[in-house]
Amino acid sequence: MVDFAHSPRSTLGVEWELALLDGESLDLTPAAETLLADVAERAPEFEKRIVGEMLTNTIELVTGVQTTVSDIAEDLATSMGALRTLTEARGIELMSAGTHPFAQWQMQEVRAKDRYLELVDRTQWWGRNMLIFGVHVHVGIDSRDKVLPIINALLSYVPHLQALSASSPFWGGTDTGYASNRAMMFQQLPTAGLPFQFDSWPAYEKYVSDMLTTGIIDHLNEIRWDIRPAPNWGTVEVRVCDGLPTLEEITAITAFIQCLVDDFSARLDAGETLPTMPDWFHDENKWRAARYGMEAIIIENAEADERLVTECIADELARLAPVAERLGCARELASITGLMERGVPYQRLEDVFHTTGSLTEVTRSLIRDLRTSYE
């Protein structure tokens, strides 16, 4: 049995992965263990909020359980302030994007934790290539019976979220031609990528049981889907997004996800059957959004109608506006329109590169965007 914890409907939690950079070269620096020791010594109240990740060049900010998007913003800003005090004392800069523009994967260190070492040992070259950063958003689900229908419906919004968050056109010093190279990289790991669509919780439990029995996984959290149940927390966890450069983008995307999940939850309560699409539609949509970003033409429904992703996003923002009012995140949801007009992350990064021809300047722009977004 996979027990699903009780969680109040539409509560929130966010995990934000940050890259640690040498203040002079702007390359990645393996400073996570040093910073975590600093947290333990100088800011122990943040030990559950400022944590490590797979690579020693990464620090993750983890919020508490919050009710509103504005609470998430305050939580992250407070943790960021504490972390910034420690990084500045050591000459370390911070940035957030799906990938570092020019860092080389061969130079990175894996943290000495069994689960990370086992992952790399099993996956070899692909595991060592996971020089990527993301944002994970948890939304509380008040009934286990809602989890899988909501995940199946959320799959149709992977291209919306991928396009809005795409921030990894450069990888290892190369212009990949993708808005989100991270999306393509991460799905190479076993059990990563888009989730399967299950019709019932027992069917999902059978899948988990088979994965454990055959040794594909040792722990439930080794199922690394882009959208997955998080049974220990009683949430649906949306892991689609690239690292987001600014706090405003974090709150905007969080509001979008919260509104989608809460709307689906309400529709299930009303006896509605949520819309789904065939798996191959979702595979194609993910690729299109990763490749073309905001210029992607996506498959919109099970009838195979197609539209520009920006048009689909605009319609969703209008449809979800009453939900956002009820949840107290109307301002954050509406801010997506302004973000699209100014340029989503990959577009801004490409503009800097085309203007300067320098990936160092691209990296500097990410440092600046993050710093100015919360000060």
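Predicted model, so just to flag it, every value in this text is computed and none were measured.

Asker: Just to check I follow, could you spell out unusual backbone geometry for this structure?
Answerer: The bulk of non-glycine residues show a negative phi, and the bulk of peptide bonds are trans. Positive phi outside glycine occurs at Q124, with the angle close to 55°. One can find Q124 in the loop between α3 (114-123) and α4 (125-128). The exposure class of Q124 is partly exposed, given its relative accessible area of 38%. In this structure, A304 is a non-glycine residue whose phi angle is positive, near 70°. With respect to the helices, strands and loops of the structure, A304 is situated in the loop between β12 (297-299) and β13 (306-308). Under the relative-accessibility criterion, A304 is labelled partly exposed at 40%.

Asker: Sorry, what's going on with the nonpolar core here?
Answerer: Buried together is how nonpolar side chains tend to be arranged in soluble globular proteins. Ranked by internal contacts, the top residues of the largest apolar core, which has 91 residues, are W16, L154, I227, V236 and L333. It is helix α9 (residues 247-269) that contributes the most residues to this core, 11 residues altogether. Counting residues in hydrophobic clusters, the runner-up holds 29 residues, among them Y116, L131, I132 and F170.

Asker: Is there a simple way to think about helix α10 (residues 279-292) in this case?
Answerer: Because each turn of an α-helix spans 3.6 residues, side chains separated by three or four positions end up pointing in the same direction. With 14 residues, α10 ought to run about 20 Å at 1.5 Å a step, and its terminal C-alpha atoms sit 20 Å apart, in line with that. Those residues of α10 lying buried are F281, H282, N285, K286, R288, A289 and A290. Positioned one or two residues after α10, G293 has a phi angle of 60°, which is positive.

Analysis parameters
- Residues numbered from 1 in each chain as written.
- Predicted model: local features only at pLDDT ≥ 70, side-chain atom pairs only at ≥ 80, totals over all residues.
- Heavy atoms only, no water.
- Helix = DSSP H or I, 4+ residues; strand = E, 2+ residues; numbered from the N terminus.
- Buried < 20%, exposed > 50% of the residue type's maximum accessible area, 1.4 Å probe, protein only.
- Core = buried A, V, L, I, M, F, W, Y, C linked by side-chain atoms within 4.5 Å.
- Expected span 1.5 Å × (residues − 1).

That's the geometry; what it means functionally is another story.
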